[in-house]
Amino acid sequence: MDKLAVELLTLIFFYACTDGGQTGCSLSLVSRRIRDASRPARFYSVSLMTSPTQIEQFLECLQNERARSREMMPRVRHLCLSLFGKGLDTSSTRAGPSTPSPSILCAPAGAPTSRAEFLASLQRRTRQWRSAQDNLDEQYGRAIPALIRTIAPDVYTLAFLQAQWRSTSVVRCTFPRLRELTLVGGDPSFLPFAFVSDDRPLYPALKRLHHILAWVGKEVDFMKWAIHAPNVTHLRVSRLDYHPRITVESLDQAIGENEPDSFPHLQSVVVQPCPAPPPAARMGPTHLAFRDYLAHLQRVAERARVPVRVLPPLEMPKPVPGMDPQQKCIHRVKKEWLDRVEGDGDGCWQEGVNGLRLPFPMA
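Residues numbered from 1 in each chain as written. Predicted model: local features only at pLDDT ≥ 70, side-chain atom pairs only at ≥ 80, totals over all residues. Heavy atoms only, no water.

Enquirer: Looking at this structure, how should I read the confidence of the model for the protein chain?
Expert: Detailed reading of the predicted coordinates is not advisable wherever pLDDT is low. Per-residue pLDDT for the protein chain averages 84, and the proportion of residues at 70 or more is 83%. When mean pLDDT is compared element by element in the protein chain, helix H6 (residues 222-228) scores highest at 97, while helix H10 (residues 351-354) scores lowest at 50. Low pLDDT, under 50, characterises residues 87-99; the stretch is placed with 26 contacts to residues that sit more than four places away or in other chains. Across residues 353-363, where pLDDT falls below 50, the model places 44 contacts with residues more than four positions away in sequence or in other chains. (pLDDT = per-residue confidence, 0-100. Helix = DSSP H or I, 4+ residues; strand = E, 2+ residues; numbered from the N terminus. Contact = heavy atoms within 4.5 Å.)

Enquirer: How should I be thinking about the pairing of strand E1 (residues 45-48) in this particular structure?
Expert: Each regular strand carries side chains that alternate between the two faces of the sheet. Alternating residues of E1 divide into Ser45 and Ser47 and Val46 and Leu48, and every residue in both groups is buried. Here E1 runs beside strand E2 (residues 78-82); their pairing, made up of 4 bridges, is parallel. When the bridges of E2 are listed, Ser45 appears paired with His78. (Buried < 20%, exposed > 50% of the residue type's maximum accessible area, 1.4 Å probe, protein only. Pairing = 2+ DSSP bridges.)

Enquirer: Please clarify how unusual backbone geometry should be interpreted in this entry.
Expert: A negative phi angle characterises most non-glycine residues, just as the trans form characterises most peptide bonds. A cis amide bond links His243 to the next residue, Pro244, at an omega of -5°. Within the secondary structure, Pro244 sits in the loop between strand E6 (234-240) and helix H7 (245-255). Positive phi, normally seen in glycine, also occurs at Arg239, with a value near 60°. Within the secondary structure, Arg239 is located in strand E6. The class of Arg239 is buried, set by a relative accessible area of 14%. You will see that Phe263, though not glycine, has its phi angle at about 50°, which is positive.

Enquirer: Is there a simple way to think about the pattern of salt bridges in this case?
Expert: Side-chain pairing between opposite charges can occur once the charged atoms of the two side chains come close. Under the counting rule described, the total for this entry stands at 13 salt bridges. Residues Asp154 and Arg75 are paired through a salt bridge, measuring 3.3 Å at the closest nitrogen-oxygen approach. Within this pair, whereas Asp154 is found in the loop between helix H5 (115-151) and strand E3 (157-161), its partner Arg75 is found in the loop between helix H4 (52-68) and E2, the two being separated by 79 residues in sequence. Close ionic contact of Glu249 with Arg245 constitutes a salt bridge, the shortest N to O distance being 3.3 Å. In this pair, Glu249 and Arg245 are both assigned in helix H7, 4 residues apart and thus about one turn of the helix distant. Among the residues examined, Glu249 registers a relative accessible area of 43% and is labelled partly exposed. (Salt bridge = Lys/Arg side-chain N within 4 Å of Asp/Glu carboxyl O.)

And the structure:
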């Protein structure tokens, strides 16, 4: 290592720093020479999964390293960002704020002896949850806009897992180099299409778009995406529900034969429906409606102008003590993001070939 040219070391470090930031951090601690040689590659891939404090500390570190850079500026090319607070750590000892869980509303704090005591206890926990949520919103409201403005000009791949963050900030920027985008929970709340002119695409270089619709009521207008990501070649929609209707209808319109100008470079589409209703002895209205919905998706696929693979409905795993469905979704999204970053693997797109991968277990 001591005899290799700095330029060659830096190139090697770019190939090494593809694990979300751990290798880059370790290299910076080896020696002054290695730290300087690895500085351009240190933030090549970054995963921020725990808290707004982690985001703020990362930004401070990035700015400090950029100030020390003499030639090649350190840039973030691949980012996995989760706003679920606890991220991939399921322990309760991690420092820093975490996303308030709705379970706080029903956590026992001594058995109430009357209905009045129960309602008073529930009201106290509701206030605690709202206070924690307000605090989290305020912290993310500072950290997210600063992060997005910093990474948007340079990032190639982005996996963004949105939680119950109530965004009040609009970040006016574009992603000129972004090639792959995975979104959990709908469109980015900090960058609504309504605030952007249609003649200036937000994602002009985007090739692969994966929407994981994890919450009912999050509208996604794919006709808007066709305008702001005109070069998409691969589209995937996971956990597609029949409400809100604009999501299914706009998808049908965007990939249909009547709209050849929407997604003009589209090559393939993968659709995974939402979970089926719980099984019952007799089919009720809910089961009949879901059956009709699946038949509608098949008709959408048949009249599309590109190949569309409709996967079987998502299968929710049986509840297991100690298992958090959100954590399983976070693990899978990060794993598939790393798969694309580290070796240009198939990631979530393998499912469009043979359907071997497991479904998203997001509750």
